[in-house]
Amino acid sequence: MNIGQLDFYTQAILSMAALVGLTSFLMLGQGRLLRLIFVFAMQGFLLTLTTAVAAYSLNNHHLYISAVLTFVLKVIFIPWMLRRQVMQMNMHRDIEALKNNTVVMLGGASLMVFSYYVLHPIVQSSSVVMLNALAVSLSVVLLGMLLMISHRQAIAHVVGFMSIENGLFFAAIVATNGMPMVVELGVAFDVLVAAVLFGIFFLHIRTSIDSLDVDQLNKLHEVDQ
Amino acid sequence: MIAAYLVLLIPLIGIVYFALAGHRTDTGKLNVRFNGANFLATIWLAINVLNQGTIISSGKAFLIDPFNVYLIVLTAFVGLTTSIFSSPYMAHEKEIGKLTDRRLKLYYSMFQGFMLAMYLVLTTNNMGIMWVAMEGATLATVLLVSLYRTPESIEAAWKYFILCGVGIAQALFGTILLYYAAVQIGDSENALLWSVLYENAGQLNPEILEIAFVFLLIGYGTKIGLVPLHNWLPDAHSEGPTPMSAVLSGLLLNDALYAVVRNKMLVDGATDSTMAGYLMMGFGLLSFLVAAILLHRQKDIKRLFSYSSIEHMGLMTFAFGIGGPLATFAALLHMTVHSLTKSAIFVTVGHAAQLAGTQRIDQIRGLIKTQPKIGWGLLIGTIAIAGFPPFGVFTSEFLVLLATMHSYPWLAPFLLLGIGIAFAGLFRHIQPMVYGDKPEGQQAIKANLWPVTIHLALVLWLGLAIPGFLAHWFSQATLLISGSMPL
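A.B. asks: I'd love a proper account of the overall build of chain B, names of residues and values included.
C.D. replies: Secondary structure assignment for chain B yields 19 helices and two strands. A compact globule built from 487 residues would reach a C-alpha radius of gyration of about 23 Å, and chain B, at 21 Å, matches this within 12%. Judged by the C-alpha coordinates and their principal axes, chain B covers about 70 × 55 × 40 Å. Classification of the 487 residues of chain B by burial places 63% in the buried group. Once local pairs closer than 6 in sequence are excluded, the contacts in chain B between residues at least 24 apart make up 82%.

Laid out in C-alpha cells, this is it:
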C-alpha cells in the first residue's frame, strides 16, 4: 500500500487514526489531571475533525450534525465539567504517582498489536485502510480500560470511560460513515446523561469519603474481613 | 400497533409526571396505577399478537413477535406487582428516616424510567436503539442503587456504573461491527433493523459477525451477570432498595439475555459454525457453577439471592447456547419462572429485612414464629427457586438437563452437581432464618404478601400445566430461535 496513491479522504482518515491512537497513549502516561483532561479534549477535537472531513468528502449531511454534537459534548462540556471538579477539589497541583508506568505503556503497545490481531480476518472482505481504522478504534477502547485500571482518581476513570466512547465513535465514523441518525442521537443522549450522572456522583463520593480516590471505595467484600 | 405505542407512552408520561409533581403521600399508589395501566396495554398488545402473529410497525421501528411479546407482558406484570409492594415499603423507609421526599421523587420517576428502557429494549426492531435503551436502563437505575447515600451504597453504585458502562461499550463495538457487515450488503438506513438483518443473515460476512458476537456477548453478558463480569451485580442488588433488587433480578437480566439471543440468531444465520453457541455454553456453565459455590459464603440475604440470580442466568445462557428446540423451549420457560420466583423472593426478603432490622443472615431468625406469612413465603419461594417439583423451575431445569443429556451427555454431571451445590447453599442459610426461636422484641410488621402469593401460584401453575396460548408462543419463539418446533 502506497500512501501517496490513496485519495485525500483515505489519507486523512489514516492520519486521524494515528493521531487518535497517539492521544490515547498520551493519556495513559499522564499523572496530572488537568493535562489528562486537556489531552482528552484534544482527542474529542480530532474526532470532530474526522467527522467533519467524512461529512465533507462523502457529502453526507447528517455527519455535520454528529460533528457539532461531538464538539459540544466532548470538547467543551465534559472537559469543562471535569476541570471544574478538579479545581473545586483543589487537585490541580497533585501529580498521581503512576505505579509501573513502563509496564503499563508496554501493555498499551501490546493491546494495540492485539487489536490488529483480533480484527485481521476483516482484511479478507475489505481494505487494509479499514483494518487500520478499526484496529485503532478497538485499541482506543482497550487503552481506555487500561487507563481506568492504572489510575486511582475517579476523574481519570471518567476520562477513561469517555475515551472508550471516543474509540467507539471513531469506529462508527470511519467504518460505516456514522450509524443511523436515530442511533447516533440516542448514543449522544446516553453520553450526556452519563456525564451529568458522573458530576452528581463526584459530589456523593466526596461527601461520603472526602476524596475522589477510588481505592477508598473498598467496603463491599465477598466475605467479612 | 397502537398498543405498542401505548406501552412506551405510559411510562414516559410517568417519568415526566413524577419528576414535575414532586412526592406526595399518594405517589406510591399512583405508581401502581401507571404500572397497572401499562399491564393492561401489554395484555391488549398480546391479544393483538395472538390474533395476527408477528407485528412490525410502519417504518419498521418496532417489532413484536412471539419471542418478545411474552417478555413484554412479564415485564409489565412484575413491574405492577413490584410497584404494589414498593408503595408501603418505601413509605416505611421514609417513616424510619432513611429517605426524604426528594429522593422518593427521584425513586418513582426513575422507576418509570427503568420500565420505559425495558419496554424499549424489548419492542425495538433496531439493534442500535436496543443498545441505547440497555444503557438507558443502567443510567436510570444507577442513582437508585445509591438511594440511601451510605458509603456502601455509593460504592456499589459507582461499581455498577463503571463496570456496566465499560461492559456495555463492548456491545456497542459489536453493534458497529454488525452494522459494518450489514452496510456491505444493503442500504444503510435500514441496515440495523433486526427484521432486515434476519432476512439477509445468510449474506452477512461470517468473519465479521463472529468477531462482533464476541463483543456483543461480553457487553450484554456484563448486564446478564455472567462470571467473570458479575462483580457489580451482588453489590448493586444488596445496597439498593429492595423493590429495585426485584426488578433488576426479574427484568434487567432477562432483557440483557434477550439482546444476546437476538444477536445469536443473526450470527447463527450468517455462519455455519457453532461458535456462538459454544461461547454461551461455556460462559453459562462457568457462571452457573461459580455462583452455586459462592452461595455458600454469603453473609447478606440480598447478596445470597443475587448469586442465585447469577446461577440461574448462567443456566439460561447455557441452555440457549445448546440451541436445540428442547433446550430453547426450556430456556424460555426458565426465563419466565425465574423472573416470577426471584421477584417474589426479593419482595419477601424485603419484608424479612424490615422485620429484623438488618440484612445480615446471622441476625435474621425465627421468621415463622414472628410472622408466619413472611417465613412461609421465604421458605416456599426458596423451595421453588431451588428447583423442587411441582414448581415451574423444576420443569424448566429438568428440560435443560434432558436436552443436555441428549446433546452433550458429558456435561450433565456438571449441571447436576451445580444444582446440588446451589440447593445446599440456599438451605443452609434459609433454614435457621425461617425456623428457630425469634429474637427478643421482634415484632410483626405490616406486610402485603399478595404479590408473592400470586407469583408463586403462577410458578406452581406453570410447573403443573403450561396454558395453551403460552405454550403456543414458546413453541413459535423456539421455532424462530432454533429453527424447528419443540417436541
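A.B. asks: Give a detailed account of the interface of chain A and chain B, specifying residues and quantitative values.
C.D. replies: Between chain A and chain B, the contact holds 39 residues from the first and 36 residues from the second. Those elements that place two or more of their residues in the side of chain A that touches chain B are helix 4 (101-119), helix 5 (128-150), helix 6 (154-176) and helix 7 (181-209) of chain A. The element that contributes the greatest number of residues to the side of chain A that touches chain B is helix 7 of chain A, accounting for 13 residues.

A.B. asks: So what about the environment of Val-39 of chain A? Which residues, and what values?
C.D. replies: Residue and element names in this part refer to chain A. Within the secondary structure, Val-39 sits in helix 2 (residues 33-58). The class of Val-39 is buried, set by 22 C-beta atoms lying within 10 Å. The spacing of Val-39 and Phe-25 is 14 residues in sequence and 10.0 Å in space, taken between C-alpha atoms. Excluding anything up to four places from it in sequence, Val-39 contacts Thr-23, Leu-26, Met-27 and Gln-30.

A.B. asks: Kindly report on the packing of helix 7 of chain A against helix 5 (residues 127-145) of chain B, identifying the contributing residues and their values.
C.D. replies: Interhelical geometry of helix 7 of chain A versus helix 5 of chain B gives an angle of 15 degrees and a closest axis separation of 9 Å. Accordingly, the angle class assigned to the pair helix 7 of chain A and helix 5 of chain B is roughly parallel. In this structure, the crossing between helix 7 of chain A and helix 5 of chain B has a hand that is left-handed. In contact with Val-182, Val-183, Gly-186, Val-187, Asp-190, Val-193, Ala-194 and Leu-197 of chain A of helix 7 of chain A, helix 5 of chain B contributes Gly-128, Ile-129, Val-132, Glu-135, Gly-136, Leu-139, Val-142 and Leu-143 of chain B. By residue class, the composition of the contact of helix 7 of chain A with helix 5 of chain B is 11 nonpolar, three polar and two charged.

A.B. asks: An account of unusual backbone geometry is needed here, citing residue identities and associated values.
C.D. replies: Trans is the prevailing form of peptide bonds, just as negative phi is the prevailing case for residues other than glycine. A cis geometry characterises the amide bond from Val-227 of chain B onward to Pro-228 of chain B, with omega recorded as 5 degrees. Positionally, Pro-228 of chain B belongs in the loop between helix 8 (206-224) and helix 9 (232-239). Of note, the bond from Pro-389 of chain B into Pro-390 of chain B is cis; its omega dihedral lies within 30 degrees of zero at 10 degrees. Mapped onto the fold, Pro-390 of chain B is located in the loop between helix 15 (372-385) and helix 16 (392-407). Even without a glycine there, the phi angle at Asn-59 of chain A is positive, about 55 degrees. Structurally, the position occupied by Asn-59 of chain A is in the loop between helix 2 and helix 3 (61-89). Even without being glycine, Lys-60 of chain B reaches a positive phi, approximately 60 degrees. The residue Lys-60 of chain B is located in the loop between strand 1 (55-56) and strand 2 (63-64) in this model.

Rules behind the numbers
Residues numbered from 1 in each chain as written. Chains lettered and ligands numbered in written order. Predicted model: local features only at pLDDT ≥ 70, side-chain atom pairs only at ≥ 80, totals over all residues. Helix = DSSP H or I, 4+ residues; strand = E, 2+ residues; numbered from the N terminus. Rg over C-alpha atoms; globule rule 2.2 N^0.38 Å. Buried ≥ 20, exposed ≤ 12 C-beta atoms within 10 Å, placed from the backbone. Contact = placed C-beta atoms within 7 Å. Axes fitted to C-alpha atoms, helices over the stretch in contact; angles between N-to-C directions. Parallel < 35°, antiparallel > 145°, perpendicular 65-115°, else oblique. Left-handed = near helix turned anticlockwise from the far one by under 90°. Nonpolar A, V, L, I, M, F, W, Y, C, P; charged D, E, K, R; others polar.

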